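# Notes for the structure review
Here's the letter readout for the chains.
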Amino acid sequence: MSFLFKIFGGGDQAYLKKLSPVIEKINSLEFNLERIPNNELKLKTRENKERIRSGESLDEVLPEAFALVREAAKRTLGQRHFDVQLIGGIVLHQGRIAEMKTGEGKTLAATLPLYLNALEGKGAHLVTVNDYLARRDAVWMGQIYHLLGLTVGCLNHEQAFLYDPDYKATNEEDRVRDELGSFKVVEDFLRPVSRKEAYSADITYGTNNEFGFDYLRDNMVYELKDQVQRGFNYAIIDEVDSILIDEARTPLIISGPTGESTEKYHQFAKLMETLKEEIDYTVDEKLKAATFTAKGQEKIIRGLGFDPWADNDIATTHQLESALKARALFKKDRDYVLREGKIIIVDEFTGRLMPGRRWSGGLHQAIEAKEGVDVQQESVTYASITFQNYFRMYKKLAGMTGTAATSAEEFDKVYGLEVVVIPTNKPLIRKDLPDRIYKTLDGKFKSLVGEIKERHKKGQPVLVGTVSIEKNEYLSQLLNREGVPHKILNAKYHEKEGEIIAQAGKFGAVTIATNMAGRGVDIILGGNPPDEEEQKKVVAVGGLHVIGTERHEARRIDDQLRGRAGRQGDPGSSQFFVSLEDDLMRIFGGERIK
């Protein structure tokens, strides 16, 4: 272990040194475990449960439990946990946040503390960012738990499953899962069950939304037997920065219609079309606020035939402000998309669509009126909770992500969670090139297309990260004009997205994606499943090159994109293209930039 600490500096060094004896103890158990037949591994789990029941602590059982999981992973997945993954597992078990770089195997590392904490029989939850990843991990990692005699549940939107290898799966599907499990979900291993059964499993995989909404629904049932959850024992949050920081204050709301007329929204939307920026209203992009001027208010009063401000008509003034916001601040294909006559919100951090979610305070209705689709009734809230408050209820909470160190202070102050940076298994050799800065957007995109074309010519795979669906499609048009073949990802279909992003490391591949498309899926050089010849070709041209088309407000999001290249000691490079006309520069650069 000592070599890890030579290359690893910083404040975590002393803490990681303390873990050395534990790692050595786990490694020393490997030889004997290899001799135990498969059917006896379940007996080992029973022994571990018995030890806990008789008063031993989880920390005392940890070396045997971790060694057992590693052995099960070798037999089922053909993957052996690296020592750094064991360190990650211990950090997660202790209720801390593990920062593990992309491609270091967070999914596999999480199996260790999940198994250990599930031995108490009170449930262990793994919280992930979308339904596709919840299903993928339950099927892919479910084999480990099943061999060790634990049950695995999976929660999806309006569905729940238990991992069951005897449900419908064939030997051929088992082979497919072993080869492509990192991105392909073999559904036949999942048996549909009630939500209560999924929560009663030893380990439950699901999204933050599903856990949160089930809690709210449980608070609205009339009888205890109708509740589906069973206490909050232990949870690991995958992509913890996204859930506990970016979405921390997003309220989950269960609501019902108020029965009020929606006609006024159309009237207000028409009124907004008559207003001119700077004359009738002002916009502050930094604060995301739009305000009527005195002239604008006069126009509104003439249009309505009465003065809502003088009459102190709070409901009407509030709805007028929402209508103005909808017109001045919210853009189609950036903040929302139009699908089958419905307005669907685009998550500003991940670029993902969020069907079923609605803006509150009449804003969603104002946008529906602006786009000329059916305006749905305003709603009244029955139950509400933020992710911040929901996850604080767990007795022990842990998290993992590739980018946590930049937000370490926030994690500590708000959640009392300490961030530990886990060393990489192999040294990182990715080249992070300096930003290229242009005066205009046109100049930037011209140069961007030239760079992609140049790298594509020599066969180097290129992954381009954009900040919105609109920019994605614009760049795609420019590449089509230049005759550069490419795949485009808009975070619309998570499953297909996982399959496309898994192949972004193929020789000559060009993939354009919104920032977070395919988050959680590894890009293997030469394509997935790995092919040695293809891999050599890609390594010879410099590995995967990642291009960011502009900087994001949160540095973590940029780091996340960068981290797609250079996994497991692979060669790779990254670079950001910035123009002085980018939103970030315009809003935060102020007068100096001009």
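Rules of the game
- Residues numbered from 1 in each chain as written.
- Predicted model: local features only at pLDDT ≥ 70, side-chain atom pairs only at ≥ 80, totals over all residues.
- Heavy atoms only, no water.
- Buried < 20%, exposed > 50% of the residue type's maximum accessible area, 1.4 Å probe, protein only.
- Helix = DSSP H or I, 4+ residues; strand = E, 2+ residues; numbered from the N terminus.
- Pairing = 2+ DSSP bridges.
- Phe/Tyr/Trp six-rings, centres within 6.5 Å; stacked < 30°, edge-to-face > 60°.
- Contact = heavy atoms within 4.5 Å.
- Polar contact = N/O pair within 3.5 Å; in protein donor to acceptor, adjacent residues only side chain to side chain.
- Axes fitted to C-alpha atoms, helices over the stretch in contact; angles between N-to-C directions.
- Parallel < 35°, antiparallel > 145°, perpendicular 65-115°, else oblique.
- Left-handed = near helix turned anticlockwise from the far one by under 90°.
- Nonpolar A, V, L, I, M, F, W, Y, C, P; charged D, E, K, R; others polar.
- Domains from an automatic or database assignment.
- Salt bridge = Lys/Arg side-chain N within 4 Å of Asp/Glu carboxyl O.
- Core = buried A, V, L, I, M, F, W, Y, C linked by side-chain atoms within 4.5 Å.

Okay, the pairing of strand β4 (residues 159-163) next. Among the five residues in β4, four count as buried, and that is most of the element. As paired elements, strand β3 (residues 152-156) and β4 share four bridges and run antiparallel to each other. Counterpart to C154 in the pairing with β4 is F161. If you look at the hairpin formed by β3 and β4, you'll find two residues sitting between the two strands, and E158 has a positive phi there, around 60°.

Evaluated as defined, the whole model comprises 15 aromatic pairs. A centroid spacing of 6.1 Å and a plane angle of 10° characterise the contact between Y163 and F189, whose relative ring orientation is stacked. Within this pair, whereas Y163 is found in strand β4, its partner F189 is found in the loop between α9 (171-180) and β5 (190-192), the two being separated by 26 residues in sequence. Since its relative accessible area comes to 10%, Y163 is described here as buried.

Next up on the list: unusual backbone geometry. The phi torsion at E158 lies on the positive side, around 60°, for a residue other than glycine. With respect to the secondary-structure elements, E158 resides in the loop between β3 and β4. Taking the relative accessible area as the measure of exposure, E158 reaches 71% and is therefore exposed. In this model, D333 sits at a positive phi of 65°, which is unusual for a non-glycine residue. Its location among the elements puts D333 in the loop between α15 (314-328) and β11 (336-339). For D333, a relative accessible area of 24% corresponds to the partly exposed category.

With that settled, consider the side chain of R562. Take R562: it is sitting in helix α23 (residues 555-562). Leave out the neighbours within four places in its chain, and R562 touches R430, D432, L433, D435, V546, R551, S574 and F576.

Among the structural elements, D558 can be located in helix α23. Relative accessible area serves as the criterion here: at 3%, D558 is assigned to the buried category. A polar contact of 3.2 Å, which involves the side chain of D558, links it to the backbone nitrogen of H552. Ignoring any residue separated from it by four or fewer positions in sequence, one finds D558 in contact with E550, R551, H552 and F576.

For the rest of this paragraph, the subject is helix α6 (residues 83-93). With ten of its eleven residues buried, α6 lies for the most part within the structure. Residues V84, Q85, L86, I87, G88, G89, I90, V91, L92 and H93 constitute the buried set of α6. Immediately downstream of α6, the backbone of G95 shows phi near 75°, a positive value.

Our next topic: the packing of helix α5 (residues 58-76) against α6. Helix packing for two helices is described by the angle between their axes and how far apart those axes are. Running from amino to carboxyl end, α5 crosses α6 at an angle of 140°, the nearest separation of the two axes being 12 Å. The angle between α5 and α6 falls in the class oblique. Note that α5 runs across α6; the crossing there is right-handed. Within the contact between the two elements, α5 uses L58, D59, L62, F66 and R70 and α6 uses D83, L86, G89, I90 and H93. Broken down by class, the residue content of the contact of α5 with α6 amounts to five nonpolar, two polar and three charged.

Here we take up the domain arrangement of the protein. Domain parsing of the protein yields domain 1 (1-255 + 387-421), domain 2 (262-377) and domain 3 (431-588). Placing the centre of domain 2 and that of domain 3 at their C-alpha centroids yields a distance of 34 Å.

Another aspect to go through is the pattern of salt bridges. Pairing between side chains of opposite charge can happen when their charged atoms approach one another. All chains considered together, the criterion is met by 37 salt bridges. Across the pair E30 and R70 runs a salt bridge whose closest N-O atoms are separated by 3.3 Å. Of this pair, E30 sits in helix α3 (residues 30-33) while R70 sits in helix α5, placing them 40 residues apart in sequence. A salt bridge links E451 to R436; its shortest N-O distance comes to 3.2 Å. In this pair, E451 sits in helix α19 (residues 441-457) while R436 sits in strand β18 (residues 436-438), placing the two residues 15 residues apart along the sequence. Linked through salt bridges whose partners overlap, the residues forming this network are E30, E34, R70, E71, K74, R75, R80 and D83.

Glancing now at the sheet that holds strand β16 (residues 419-421). Spatially, β5-β4-β3-β6-β2-β7-β15-β1-β16 is the arrangement adopted by the nine strands of the open sheet, whose pairing is mixed. A strand with exactly one partner marks an edge of an open sheet, and here the two such strands are β5 and β16. Across the sheet, the mean angle separating the axes of adjacent strands is 20° when strand polarity is ignored. Relative to strand β15 (residues 396-401), strand β7 (residues 234-238) runs parallel, the two being bridged by five bridges. Its bridge partner lying in β15, Y234 is registered against K396. Contacting β2 (124-128), β3 and β6 (203-207), helix α11 (residues 208-218) crosses the sheet at an angle of about 100° to β6.

Core analysis: the largest hydrophobic core is formed by 63 residues, its most contacted members being L114, Y115, I144, Y145, Y205 and I236. Broken down by element, the residue count for this core peaks at ten residues, all from α5. When residues no more than four places from it in sequence are discounted, the contact partners of Y115 are T45, N48, A65, L68, V69, Y145, L148, L150 and I203.

For A404, the position within the fold is in the loop between β15 and α18 (408-415). Spatially, the C-alpha atom of A404 lies 5.8 Å from that of E99, the residues being 305 residues apart in sequence. Beyond its immediate sequence surroundings of up to four residues, A404 is in contact with I97, E99, F411 and V419.

If you walk across this open sheet you meet the three strands as β11-β12-β13, and the pairing is antiparallel. Sheet topology places β11 and β13 (353-354) at the edges, where each strand pairs with a single neighbour. Of the pairings in the sheet, the one linking strand β12 (residues 342-346) to β13 comprises two bridges and is antiparallel in character. Looking at β13, one finds that V346 is bridged to L353. Docked against the sheet, helix α16 (residues 363-370) engages β11 and β12, running at close to 125° with respect to β12.

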